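Per-entry structural report
Each chain is listed here by its residues.
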Amino acid sequence: MAASILSEVDFKPLIGHCSCNTSSYTITASPLITHICYCTWCQRESGTICGSNILIESYNFKTNTVEAPGQQVPVLVAGPTPSGYGQTVARCPVCFDGLFKYYGSNRHITYVKAGTLDEESFKRVMAGDRVHIFTSSKPQWINLDQEKESGVGVFEEYYTQAEVWTKEALERRKILQKRIEEEKSTAEAGKE
């Protein structure tokens, strides 16, 4: 994996929005990793050959949308996944662009749709840590040899995080897991 160009030391927030600019967001830390996924579900959902999702801790993601009276911002739409756990996609209430999503009941990691980033943010993310996953479903005419030569992970299915994520991302994952455990302990203590 290539070294991240999105250093935490001098990190500039990433900005994104929907097509109509009603819904926007800010990512306040570098992505844990970016998935470029070729599974048939991502192909169907995106209407193209792949889905590109930025994985970020939810506490490093902020929606900036101003809520209008009677309007839920963003609109959360539940849908199926191959795993059976489902997903919830956050869509702009005006243009219905999908901006980000969660898988199953996990709200600790936000999967931000990279195509909704502004141009400068998109370039920074795509030059950073990324992997191509479920490439067994990609069209044959997509050649990822240059990505492999550049040190970008290319996987026919999924991968093992400990083998792919940067040391920094794995450390942040440990911090997130600790916070999740603390939340569970606090919630359980409150039930007593």
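Residues numbered from 1 in each chain as written. Predicted model: local features only at pLDDT ≥ 70, side-chain atom pairs only at ≥ 80, totals over all residues. Heavy atoms only, no water.

Counting secondary structure elements, the protein chain contains five helices and 11 strands. Taken over C-alpha atoms, the radius of gyration comes to 17 Å for the protein chain, in line with the 16 Å a tight globule of 192 residues would show. Across the 192 residues that make up the protein chain, the buried fraction comes to 43%. Of the charged side chains in the protein chain, 20 are positive and 23 negative, and the gap between their average positions amounts to 2 Å. (Helix = DSSP H or I, 4+ residues; strand = E, 2+ residues; numbered from the N terminus. Rg over C-alpha atoms; globule rule 2.2 N^0.38 Å. Buried < 20%, exposed > 50% of the residue type's maximum accessible area, 1.4 Å probe, protein only. Lys, Arg positive; Asp, Glu negative; His and termini not counted. Charge placed at Lys NZ, Arg CZ, Asp CG, Glu CD.)

Strand order in the open sheet formed by three strands is β1-β2-β5, and the pairing between neighbours is antiparallel. Two strands lie at the open edges of the sheet, namely β1 (14–17) and β5 (61–63), each paired on one side alone. Direction aside, neighbouring strands of the sheet carry axes that sit 20 degrees apart on average. Here β1 pairs with strand β2 (residues 24–27) via four bridges, running antiparallel. (Pairing = 2+ DSSP bridges. Axes fitted to C-alpha atoms, helices over the stretch in contact; angles between N-to-C directions.)

Look at helix α5 (residues 167–191): 37 Å from first C-alpha to last across 25 residues, which is about the 36 Å you get at 1.5 Å a residue. Looking at α5, one finds that the buried residues are Ala-169, Arg-172, Leu-176 and Ile-180. On its buried face, α5 is in contact with β4 (51–57) and β9 (109–113). (Expected span 1.5 Å × (residues − 1). Contact = heavy atoms within 4.5 Å.)

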